[in-house]
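Chain by chain, the residues run as shown.
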Amino acid sequence: MVIRLISLLMQEKSINILGIETSCDETAAAVVADGRVIKSSVIASQTKLHEKYGGVVPEIACRAHIENIYQVITESMEQAKTNKDDIDAIAVANQPGLTVALIVGVTAAKTLSFAWDKPLIAINHLHAHLQSAILAEEKPKLPAAALIVSGGHTCLYDYRSPLEPKLLGSTIDDAAGEAFDKVATILKLPYPGGPSIEKTAEKGNPDAIKFPRSMLGPDSLDFSFSGIKTAVLYYCHGQDMKGKNKVDSMSEQEIADIAASFQAAMIDVLVKKTERAVKRIGAKTVLLGGGVAANNQLRTKLQQLYNSAEPAKKLLIAPKQYCTDNAVMVASLGYHKFRAKLFADLTLEVKATG
Ligand code: KG4
Ligand code: ZN
């Protein structure tokens, strides 16, 4: 009887995972219970440091991660009102990302795993982004088609379990967020580009300029965004690139029209490719995550499409605060790997690709 009670109590104890994320320019830590209950989420953003370069500088990112990581982890433990004894495992993003950035989080996670004698769990950052989209849904209907759109990646997945999403397609050149960032630089809008393009586009006409929509053939689930970026560049500098940069002499309205037309073309491609993936795998659910998923136009377009779809499909979009990089998604996926006993050891390495 006593043994039965103890085992019941043990079953009911929640599983607390400390997640650590340093794959790009956010130093983040979070404590999540049972993959869904967010006990804390701390993010130290480096946006200010990279702003003047118009993109993330790996060496600067690495140094800032080193400066911030201890404080961020400590704060996440304090916010969660937890101590090391309550933590069941440490999950860390070890791929893909900037190696010099990933290594900071991985080293911190290995150190804690060794010092606290807790299992270590390796997390694929992109698979973690997927997790942000299903945080609030206990049992999504599967299969799901998942679009992950971030600064470094643009991927479509066939999602049947948190552990083994199958890659259906990805970008062959620029990532969607990268295209937003580069076009913002061309238009001399503030960094990061995605939110500034979105804001500027609010006053623009999305039909003003017909920028190219690269679909890469009728069946392709891959993406290509370098053409549209170049089209914006030519539009602003002239075909031979010898023309005067017209941006300085453009009216606010003209810039808003370019931003709105660019954004419309990007969203058109993302939505159409997602629809292809949905049809290909017979998806019952559609997942959207990653930094670009914070874009209201993209969210609305997908909502319009799937709210009225026949047969009905459930659209699950990551909450805005968990679209961009965070450690909640890492800890949440860590829970599923913990349950599956998929542990790493202290030889864990980082990988730029994923
Ligand atoms: O997922 P994330 O935080 O980092 C990576 O893993 O790359 O994504 C950052 C990217 C940046 O390129 C940023 O410009 C883009 O997400 N982004 C947006 C918006 N908010 C962030 N793109 C379009 N519209 C937005 N509202
Ligand atoms: Zn990311």
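Fair warning: this is a prediction, and the values are worked out from it, not measured in the lab.

**Topic: the sheet that holds strand S1 (residues 16-21)**
Pairing is mixed across the open sheet formed by five strands, whose spatial order is S3-S2-S1-S4-S5. Taken across any chain shown, the strands that pair with only one partner, and hence form the sheet edges, are strand S3 (37-45) and strand S5 (120-124). Each strand axis lies, on average, 20° off the axis of its neighbour in the sheet, ignoring direction. Here strand S2 (residues 26-33) runs beside S3; their pairing, made up of eight bridges, is antiparallel. Across the sheet, Val32 pairs through a bridge with Ile38, a residue of S3. Contacting S1, strand S4 (89-95) and S5, helix H5 (residues 125-133) runs over the sheet at an angle of about 85° to S5.

**With respect to the packing of helix H8 (residues 226-237) against helix H9 (residues 252-281)**
Running from amino to carboxyl end, H8 crosses H9 at an angle of 165°, the nearest separation of the two axes being 11 Å. When the axis of H8 is compared with that of H9, the two are roughly antiparallel. Crossing of H8 over H9 shows right-handed handedness. Along the contact surface, H8 presents Ile228, Val232, Tyr235 and Cys236, while H9 presents Ile258, Phe262, Ala265 and Met266. Looking at the contact of H8 with H9 residue by residue, the class counts come to eight nonpolar, no polar and no charged.

**Quick word on the side chain of His127**
Position of His127 among the secondary structure elements: in helix H5. With near-sequence residues (within four places) excluded, His127 lies in contact with Tyr157, Pro165 and Leu333.

**Brief notes about the site of ligand 1**
Lining the immediate environment of ligand 1, one finds 19 residues, of which Gly151, Asp181, Gly194, Glu198 and Asp325 sit closest. Asp181 has a polar side-chain atom sitting 2.7 Å from an oxygen atom of ligand 1. In the complex, the protein chains occlude 91% of the 560 Å² of accessible area that ligand 1 would expose alone. More than half of the atoms belonging to ligand 1 lie within 2 Å of the grid points that define the largest pocket. Listing elements by their share of the shell around ligand 1, those giving two or more residues are H5, helix H6 (176-186) and helix H7 (193-201). It is H7 that contributes the most residues to the shell around ligand 1, four residues altogether. Here the shell around ligand 1 is composed, by residue class, of five nonpolar, 11 polar and three charged.

Definitions and cut-offs
Residues numbered from 1 in each chain as written. Chains lettered and ligands numbered in written order. Predicted model: local features only at pLDDT ≥ 70, side-chain atom pairs only at ≥ 80, totals over all residues. Heavy atoms only, no water. Pairing = 2+ DSSP bridges. Helix = DSSP H or I, 4+ residues; strand = E, 2+ residues; numbered from the N terminus. Axes fitted to C-alpha atoms, helices over the stretch in contact; angles between N-to-C directions. Contact = heavy atoms within 4.5 Å. Parallel < 35°, antiparallel > 145°, perpendicular 65-115°, else oblique. Left-handed = near helix turned anticlockwise from the far one by under 90°. Nonpolar A, V, L, I, M, F, W, Y, C, P; charged D, E, K, R; others polar. Near = heavy atom within 4 Å. Polar contact = N/O pair within 3.5 Å; in protein donor to acceptor, adjacent residues only side chain to side chain. Areas by Shrake-Rupley, 256 points an atom, 1.4 Å probe, with all protein chains shown as cover. 1 Å grid on protein atoms, 1.4 Å probe; cavity = no way out; pocket = protein on both sides within 12 Å on 5 of 7 lines; lining within 4 Å. Sits in = over half its atoms within 2 Å of the grid points.

Without other data, these values stay purely geometric and don't point to any function.
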